[in-house]
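Chain residues, written in single-letter form:
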Amino acid sequence: AQSVAQPEDQVNVAEGNPLTVKCTYSVSGNPYLFWYVQYPNRGLQFLLKYITGDNLVKGSYGFEAEFNKSQTSFHLKKPSALVSDSALYFCAVRDGHYGGATNKLIFGTGTLLAVQP
Amino acid sequence: DVKVTQSSRYLVKRTGEKVFLECVQDMDHENMFWYRQDPGLGLRLIYFSYDVKMKEKGDIPEGYSVSREKKERFSLILESASTNQTSMYLCASSQGGSNQPQHFGDGTRLSIL
């Protein structure tokens, strides 16, 4: 069965420091991986995705994510955190093994990122 | 930009009422989704639709139904609201194709008293 895990409920980082939000996944085929961000009282906003190709994916707001097939991970990173990055971050996976036009995703439970000034 | 609009940001209803949550997207997307979001549980898929009048159950469909009579509109129906359906409800849409991201509305925070 498909699954995705975000092992940290909360990540604290000082402004200007690098940040990492962790995500691991389990699928039977090739994974399609996504990161979303949710600001308070808002819906989820798409940040970036990995489908195939280069393992380092760049996305919105200076975020990037590294796909590691051997470790089944897709960690979100940013070289220098901003206070405005404080939000809830969700990792999601779709199993590319299954065909069909729909892109049903499995979401992690979310990681709250708190960036201190 | 894709715009997904949910008709209400906040809604308060009573136990046993029939509740309608409406969602409209303006990008001619084939796929539409309804999730509920609860602390510590992340997003859980209730129903999704890949075409007009087509629907499939997600992971937690019990107590809910959906309607998609037009491509741009996807409605979630709570047949007889219960207190355990108090939650944040999120609607999303996407183009067809397995690698397309989903685009979300701002959510409806529903309280059942």
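Below, the structure is looked at part by part. These figures come from a predicted structure and were not determined experimentally.

### Quick notes on the overall build of chain B
- Counting its secondary structure elements, chain B contains zero helices and 11 strands.
- In chain B, the succession of α and β elements from N to C terminus is β-β-β-β-β-β-β-β-β-β-β.
- The globule rule puts the C-alpha radius of gyration for 113 residues at 13 Å, and the 13 Å found for chain B is close to it.
- When the backbone C-alpha atoms are referred to their principal axes, chain B occupies close to 40 × 30 × 25 Å.

### Focus: the sheet that holds strand β8 (residues 73-78) of chain B
Residues and elements named next belong to chain B.
- Taken in spatial order, the four strands make up an open sheet running β1-β3-β8-β7, and their pairing is antiparallel. Either end of the sheet is taken by a strand with one partner, and the two such strands are β1 (4-6) and β7 (64-70). Here the average twist between neighbouring strands, direction ignored, is 20°.
- Direction of pairing for β7 relative to β8: antiparallel, over a ladder of five bridges. Bridged to Y64 within β8 is L78.

### Remarks on the pairing of strand β11 (residues 108-112) of chain B
Residue and element names in this part refer to chain B.
- With burial as the criterion, only one face of β11 is covered, namely that bearing T108, L110 and I112; the residues R109 and S111 on the opposite face remain uncovered.
- Strand direction decides the pairing type here: strand β9 (residues 87-94) and β11, joined by three bridges, are antiparallel. Bridging across to β11, M88 finds its partner in R109.

### With respect to the environment of A:F63
Residues and elements named next belong to chain A.
- Here F63 is to be found in the loop between β7 (56-58) and β8 (64-68).
- For the pair F63 and Q6, spaced 57 residues apart in the sequence, the C-alpha separation amounts to 17 Å.
- Residue contacts for F63: discarding those within four places in its chain leaves L19, L47, L48, V57, K58, L76, K77, K78, D85 and Y89.

### Regarding the interface of chain B and chain A
- Between chain B and chain A, the residue contacts involve 27 residues of the former and 23 residues of the latter.
- In total, chain B and chain A occlude about 2000 Å² of area from one another, counting both sides; carbon and sulfur atoms represent 53% of this.
- Counting every contact that joins chain B to chain A gives one salt bridge.
- A salt bridge links A:R42 to B:D106; the nearest nitrogen and oxygen atoms lie 3.0 Å apart.
- The interface formed by chain B and chain A holds six residue pairs in polar contact (both at pLDDT 80 or more) in total.

### Digging into the pattern of salt bridges
Residue and element names in this part refer to chain B.
- This structure, assessed with the given rule, holds 10 salt bridges over all chains.
- Close ionic contact of R73 with E22 constitutes a salt bridge, the shortest N to O distance being 4.0 Å. Within this pair, whereas R73 is found in strand β8, its partner E22 is found in strand β3 (residues 19-25), the two being separated by 51 residues in sequence.
- On the accessibility criterion, E22 (23% relative accessible area) is partly exposed.
- Measuring nitrogen to oxygen at the nearest pair gives 2.8 Å for the salt bridge that ties R44 to D38.
- What makes R44 partly exposed here is its relative accessible area of 25%.

### So, the packing of aromatic side chains
- For the structure shown, the criterion picks out 14 aromatic pairs over all chains.
- An angle of 85° between the planes, with centres 5.4 Å apart, marks the rings of A:F107 and B:Y35 as edge-to-face. Note that A:F107 is positioned in strand β11 (residues 106-107) and B:Y35 in strand β4 (residues 31-38), a pairing that runs across two chains.
- Both rings, one in A:F107 and one in B:F104, keep their centres 6.1 Å apart while their planes meet at 80°; by these two values the pair is edge-to-face. Taken together, the residues span two chains, with A:F107 in strand β11 and B:F104 in strand β10 (residues 103-104). Like A:F107, the residue B:F104 is buried in the burial classification.

Rules used throughout
- Residues numbered from 1 in each chain as written.
- Chains lettered and ligands numbered in written order.
- Predicted model: local features only at pLDDT ≥ 70, side-chain atom pairs only at ≥ 80, totals over all residues.
- Heavy atoms only, no water.
- Helix = DSSP H or I, 4+ residues; strand = E, 2+ residues; numbered from the N terminus.
- Rg over C-alpha atoms; globule rule 2.2 N^0.38 Å.
- Pairing = 2+ DSSP bridges.
- Axes fitted to C-alpha atoms, helices over the stretch in contact; angles between N-to-C directions.
- Buried < 20%, exposed > 50% of the residue type's maximum accessible area, 1.4 Å probe, protein only.
- Contact = heavy atoms within 4.5 Å.
- Buried area = accessible area lost by both parts, 1.4 Å probe.
- Salt bridge = Lys/Arg side-chain N within 4 Å of Asp/Glu carboxyl O.
- Polar contact = N/O pair within 3.5 Å; in protein donor to acceptor, adjacent residues only side chain to side chain.
- Phe/Tyr/Trp six-rings, centres within 6.5 Å; stacked < 30°, edge-to-face > 60°.

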